[in-house]
Amino acid sequence: MFVIPAIDILDGKCVRLAQGDFADSITYSNNPVDVARDFEKQGAQFLHIVDLDGARLGFPINSEMVFAIAKSVSIPLHVGGGIRSYDSAKKYLENGVEKIIVSTIAIEKPKLLECLFEDFGNSRITVSVDVKDGKVATRGWLGESTKTVSDIITILKRVGIASVIVTDTAKDGLLKGPNFDLTKQFINKGFETVAAGGVSSLSDVQEFNKLGAFGVIIGKAMYEGKIDLQKAQKRVAYRNNLTKRIIPCLDVKNGRVVKGTHFSDLRDAGDPIELGKRYCELGADELVFLDIAATLENRKTFCKLVLKIAKEINIPFTVGGGISSIEDITKLLNAGADKISIGSAAVKNSNFVKEAVEYFGSQCIVISVDAKRQNNGWRIYIKGGTEETDIDTIEFSKQMEQFGAGELLLNSLDRDGTKKGFDLELLKRISKSVNIPVIASSGAGSVQDFLDVFQNTNVDAALGASIFHYQEVSIMELKKFLSKNNVPIRV
Amino acid sequence: MIAIIDYKAGNIASVKNALERLGRACVVTSDLKKILSADGVIFPGQGRAGAAMPNLRKTGIDKVIPKITKPFLGICLGMQLLGSYSEEDQTKCLGIFQGACRKFPPTLKTPHLGWNKVELTQESPLIAGIPDGSYFYFVHSYYVDPVRSKKPLVSAALNKERTSNGVDALEAHIVGKTSYGFDFPSIMQKDNFFAVQFHPEKSGAQGLRLLNNFCELCL
């Protein structure tokens with residue numbers, strides 16, 4: 001999360017107001033340029049600048065000062081205050097300001113907002129939502145609108161605005177803590193949300209970080225020495241040690257591991273338990289066992305196998321193949337499986353997914369999707385890739401996330417068994433569209449293919465079968481290779 | 001004999017399997033007497049806090065857990081239920097640890113799933129012989145939050161305790177932490193109560209070592 005220092009300019013000076021009251025200002029410096037330079041020196045990654053005179057009068061007053069700051073520092077500026085015409089927006093955007101902050105026009109001139117959005121794009125406009133007693137304030141907080149928070153969310157969504165700054169005006173400049181709930185509403189609606197108003201301690205800053213804010217604007221607390229910029233940045237630096245997973249997949253038929261191309265031409269690849277144990281020792285992060293015959297007869301044998309696997313193997317494993325009832329899942333979980341992969345049944349009856357999640361929890365429900373490219377998208381196939389549906393893979397994946405699926409396993413029928421590499425385009429799209437872990441599957445033929453999928457898409461795990469079974473690639477070698485190439489991997 | 005508490009919350013077989021691999025005698029039970037008389041108790045769990053707590057109350061296990069004086073290990077949901085409150089289904093929990101359980105923000109992929117590092121922050125017999133920075137397997141959408149919030153996520157009593165001690169009461173119980181967007185506690189200890197957010201029974205050799213350490217404490 002970014003910690004963003006605020007510079008408010010009134011009559012050419014750097015000031016802070018309390019609750020937006022122009023009569024209640026404290027001057028911190030007569031030279032905002034020096035203040036900006038100082039923040040840059042302290043490590044600020046960008047600056048939030050408000051032309052208070054402009055906000056009050058409805059057109060930029062201190063823009064020359066803003067341009068002077070733009071010339072003096074080399075960090076991006078986000079500037080607001082009185083930007084209520086196309087020309088004033090354009091002037092800023094063409095003279096060194098990275099992003100303009102608008103507020104009043106979102107309420108009073110939504111057409112202008114749409115126009116700016118069209119011409120300059122999402123990345124250069126942020127809307128400041130200033131809330132006063134539950135209503136959105138305008139005109140430098142002097143004006144009031146009848147719009148509520150949910151009204152403004154609807155407006156911004158309609159226009160396509162992605163980034164907002166949220167302030168509870170009652171909290172601003174008082175150093176008594178911010179309004180977390182207000183900010184949370186915007187974060188939960190998917191906005192890139194910057195929080196402002198009343199931030200007065202490091203724990204306030206940390207709290208916004210935990211809520212998932214994109215940034216936090218700090219004014220008075222920084223000028224009064226209550227928050228140190230560098231300390232705050234250190235506290236909220238993004239830290240993540242979660243590793244990418246390598247998952248061998250074992251297709252099981254009649255108690256043996258088999259593998260074929262395009263779901264046919266099956267070849268024997270060994271004993272599932274022996275193979276599973278070996279993969280464990282070599283550093284596999286998880287295992288998948290698929291019952292590819294999945295007849296009633298086979299299901300009993302498979303259940304017994306799962307029971308044995310659970311006793312022998314101490315890393316997580318997923319089982320799947322023909323799962324279509326709560327009873328199926330119960331049996332396999334009781335036998336010791338950690339996760340259950342649901343395929344065709346999820347496509348045919350999405351209520352089954354809801355029901356399974358309700359029963360067993362998201363964490364053990366994996367949805368396995370067989371996708372095949374068609375025109376501009378990917379269609380879902382069922383029954384082991386033999387039957388086409390008219391369902392779009394991306395839409396289906398999003399729906400599964402909504403229904404509570406814990407993870408997605410993406411197979412590509414175009415790539416399965418070909419060893420031509422993962423379908424990067426498909427995986428890029430899917431991993432961008434959902435916010436649950438995604439496992440890449442189908443097409444792995446070399447260590448480079450694994451590196452490609454982790455470097456080019458946002459998937460969390462990659463699955464391989466024959467490439468491991470026939471020892472073309474050793475899991476340990478693969479993991480060392482990925483780690484050497486800076487993919488976070490458990491080695 | 002180690003008792004594994006069965007309260008109809010998830011994969012209990014794997015904890016039992018792991019103890020059997022270690023050659024430790026264990027029993028899966030919801031019998032209050034057996035739980036109280038065991039040499040040690042493991043409290044596993046997956047699923048929802050809002051579903052688990054009523055089960056614990058119905059069986060009376062909620063009253064028994066605070067009375068246990070033998071080594072006790074909460075795993076995953078079992079750790080979260082030891083806190084005072086969970087955001088999940090707004091559930092009041094057991095209150096062994098004074099901490100609140102919160103959901104990861106929508107900006108992070110949820111569940112937090114896979115192998116992540118545990119950085120050890122203080123000594124505990126539970127982690128004897130386990131190197132700092134070892135990897136363990138996690139699957140969870142909620143985490144125990146040690147930082148005070150403006151909202152009454154934590155009890156007033158705790159805030160008072162914090163102010164009077166000058167230290168964060170919960171922070172003092174953190175033995176290990178893990179980074180997912182930010183740091184959260186992944187191993188905790190308060191007296192005989194241990195808790196881990198990851199699944200030691202699914203975390204390969206280091207997981208088994210941790211479970212073995214726990215079993216040693218139960219002798």
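Residues numbered from 1 in each chain as written. Chains lettered and ligands numbered in written order. Predicted model: local features only at pLDDT ≥ 70, side-chain atom pairs only at ≥ 80, totals over all residues. Heavy atoms only, no water.

A. Just the overall build of chain A, in detail. Each helix and strand counted, chain A has 21 helices and 25 strands in total. In terms of overall dimensions, chain A has C-alpha extents of about 80 × 45 × 40 Å along its principal axes. Within chain A, the proportion of its 491 residues that are buried is 58%. Long-range pairs, those at least 24 residues apart, make up 66% of the contacts in chain A with a sequence separation of at least 6. Surface accessibility of chain A: about 20100 Å² in total, with carbon and sulfur atoms responsible for 46%. (Helix = DSSP H or I, 4+ residues; strand = E, 2+ residues; numbered from the N terminus. Buried < 20%, exposed > 50% of the residue type's maximum accessible area, 1.4 Å probe, protein only. Contact = heavy atoms within 4.5 Å. Areas by Shrake-Rupley, 256 points an atom, 1.4 Å probe, with all protein chains shown as cover.)

B. Summary view of the overall build of chain B. Of regular secondary structure, chain B possesses seven helices and 12 strands. Counting the 219 residues in chain B, one finds 60% classified as buried. Residue pairs at least 24 apart in sequence account for 71% of intrachain contacts in chain B once pairs closer than 6 positions are excluded. In the form shown here, chain B has an accessible surface area of approximately 8100 Å², with 52% of it arising from carbon and sulfur atoms.

C. Highlighting the packing of helix α14 (residues 326-335) of chain A against helix α16 (residues 350-360) of chain A. Residue and element names in this part refer to chain A. Put simply, α14 and α16 touch, their axes get as near as 10 Å, and they point 40° apart. Taken as a pair, α14 and α16 cross one another with a handedness that is right-handed. Contacts between α14 and α16 involve Ile326, Ile329, Thr330 and Leu333 from the former and Phe352, Glu355, Ala356, Tyr359 and Phe360 from the latter. In the contact of α14 with α16, the residues fall into seven nonpolar, one polar and one charged. (Axes fitted to C-alpha atoms, helices over the stretch in contact; angles between N-to-C directions. Left-handed = near helix turned anticlockwise from the far one by under 90°. Nonpolar A, V, L, I, M, F, W, Y, C, P; charged D, E, K, R; others polar.)

D. Expanded view of the domain arrangement of chain A. On domain assignment, one finds that chain A holds domain 1 (2-236) and domain 2 (245-484). Computed over C-alpha atoms only, the centres of domain 1 of chain A and domain 2 of chain A are separated by 46 Å. (Domains from an automatic or database assignment.)

E. Seen up close, the confidence of the model for chain B. On average, residues of chain B score 88 in pLDDT, and 88% of them reach the 70 mark or higher. The low-confidence segment residues 148-167 of chain B, where pLDDT is below 50, has 24 contacts with residues more than four positions distant or belonging to other chains. (pLDDT = per-residue confidence, 0-100.)

F. Spotlight on the environment of A:Asp130. Residue and element names in this part refer to chain A. For aspartate 130, the position within the fold is in strand β7 (residues 125-132). Judged by relative accessible area, aspartate 130 falls into the buried class, the value being 4%. For the pair aspartate 130 and aspartate 168, spaced 38 residues apart in the sequence, the C-alpha separation amounts to 5.9 Å. There is a polar contact of 3.5 Å between the side chain of aspartate 130 and the side chain of serine 103. (Polar contact = N/O pair within 3.5 Å; in protein donor to acceptor, adjacent residues only side chain to side chain.)

G. Representation of the interface of chain B and chain A. Chain B puts 46 residues into the contact, and the matching count from chain A is 47 residues. In total, about 3900 Å² of surface goes out of reach between chain B and chain A, with carbon and sulfur atoms giving 48% of it. For the pair chain B and chain A, the number of links is seven salt bridges. For the salt bridge of A:Asp460 with B:Lys109, the shortest nitrogen-to-oxygen distance reads 2.6 Å. Our count for the chain B to chain A interface comes out at 23 residue pairs in polar contact (both at pLDDT 80 or more). Looking at the side of chain B that touches chain A, the elements with two or more residues in it are α1 (13-21), β8 (112-120), β9 (134-140), β10 (142-145), β11 (174-190) and α7 (204-217) of chain B. Classifying every residue of the side of chain B that touches chain A gives 17 nonpolar, 15 polar and 14 charged. (Buried area = accessible area lost by both parts, 1.4 Å probe. Salt bridge = Lys/Arg side-chain N within 4 Å of Asp/Glu carboxyl O.)

H. How the structure looks around the pattern of salt bridges. According to the stated counting rule, one finds 35 salt bridges over all chains in the structure shown. Its salt-bridge partner being A:Asp423, residue A:Arg373 comes within 3.9 Å of it at the nearest N-O pair. With A:Arg373 in strand β20 (residues 365-374) and A:Asp423 in the loop between β23 (407-412) and α18 (424-433), this pair connects stretches of sequence that are 50 residues apart. The exposure class assigned to A:Arg373 is partly exposed, which follows from its relative accessible area of 35%. Residue class for A:Asp423 comes out buried when judged on its relative accessible area of 4%. The salt bridge partner of B:Asp183 is B:Lys177, with a shortest N-O separation of 3.4 Å. Taking relative accessible area as the criterion, B:Asp183 reaches 23% and is therefore assigned partly exposed. According to the relative accessible area criterion, B:Lys177 is partly exposed, its value standing at 27%.

I. Local environment of the nonpolar core. All names here are of chain A. The biggest cluster of nonpolar side chains holds 82 residues, and the ones touching the most others in it are Phe289, Ile329, Ile342, Ile367, Leu408 and Phe450. Here this core gets six residues from one element, more than from any other, and that element is helix α13 (residues 296-312). The residues contacting phenylalanine 289, other than those within four sequence positions of it, are Leu250, Val252, Pro272, Phe302, Ile309, Ile313, Phe317, Thr318, Val319 and Gly320. One finds Ala36, Val131, Val205 and Leu211 within the second-largest nonpolar core, a separate group that totals 69 residues. (Core = buried A, V, L, I, M, F, W, Y, C linked by side-chain atoms within 4.5 Å.)

J. View of unusual backbone geometry. Look at the link from B:Thr110 to B:Pro111: it is a cis peptide, with omega at 5°. Within the fold, B:Pro111 resides in the loop between β7 (100-103) and β8. One non-glycine residue, A:Leu175, lies in positive phi territory at about 55°. Mapped onto the secondary structure, A:Leu175 falls in the loop between β10 (163-168) and α8 (180-188).

K. Just the pairing of strand β8 (residues 135-138) of chain A, in detail. Residues and elements named next belong to chain A. Examined bridge by bridge, β7 and β8 share two bridges and lie antiparallel to one another. Directly across from lysine 132, in β8, lies its bridge partner lysine 135. The hairpin turn running from β7 into β8, its antiparallel successor, is two residues long, and aspartate 133 in that turn takes a positive phi close to 50°. For β8 and strand β9 (residues 143-148), the ladder comprises three bridges, and the chain directions are antiparallel. The partner of threonine 138 across the bridge, within β9, is glycine 143. Hairpin connection, β8 to β9: the antiparallel pair is bridged by four residues, and arginine 139 has positive phi, about 45°. (Pairing = 2+ DSSP bridges.)

L. Spotlight on the sheet that holds β7(B). Read across the open sheet, the four strands follow the order β6-β5-β7-β10 (chain B); overall the sheet is mixed. The outermost strands of the open sheet, each flanked by one partner alone, are β6 (91-92) and β10 of chain B.

M. How the structure looks around the environment of A:Ser88. Position of A:Ser88 among the secondary structure elements: in helix α4 (residues 86-93). Not counting the four nearest positions on each side in its chain, A:Ser88 is found in contact with A:Pro60, A:Gly82 and A:Ile83.

N. Fine view of the side chain of B:Asn192. Residues and elements named next belong to chain B. Among the structural elements, asparagine 192 can be located in the loop between β11 and β12 (193-196). Accessibility expressed as a relative area gives 17% for asparagine 192, which makes it buried. Here threonine 69 takes part through its backbone oxygen, which lies 3.3 Å from a polar atom of the side chain of asparagine 192. Contacts of asparagine 192, omitting those with residues within four sequence positions, involve Ile68, Thr69, Lys70, Pro71 and Phe72.

O. Main features of the side chain of A:Asp460. By the secondary structure assignment, A:Asp460 is in the loop between α19 (447-456) and β25 (461-464). Excluding residues within four positions of it along the chain, A:Asp460 makes contact with A:Thr243, A:Lys244, A:Arg245, A:Ile436, A:Pro437, A:Val438, A:Phe454 and B:Lys109.

P. Up close: a nonpolar patch on the surface. A surface patch of nonpolar side chains, about 290 Å² in accessible area, is lined by A:Leu57, A:Phe59 and A:Ile61. Among the residues examined, A:Phe59 registers a relative accessible area of 47% and is labelled partly exposed. (Patch = residues over 30% accessible without salt bridge, like charges linked within 9 Å, V, L, I, M, F, W, Y side chains within 5 Å.)

Q. Seen up close, the packing of helix α1 (residues 32-42) of chain A against helix α3 (residues 63-72) of chain A. All names here are of chain A. α3 packs onto α1 with a crossing angle of 35° between their chain directions and a minimal axis gap of 9 Å. Here α1 runs over α3; the crossing is right-handed. Contacts between α1 and α3 involve Pro32, Val33, Ala36, Arg37 and Glu40 from the first element and Met65, Ala68, Ile69 and Ser72 from the second. Its residues assigned to classes, the contact of α1 with α3 shows six nonpolar, one polar and two charged.

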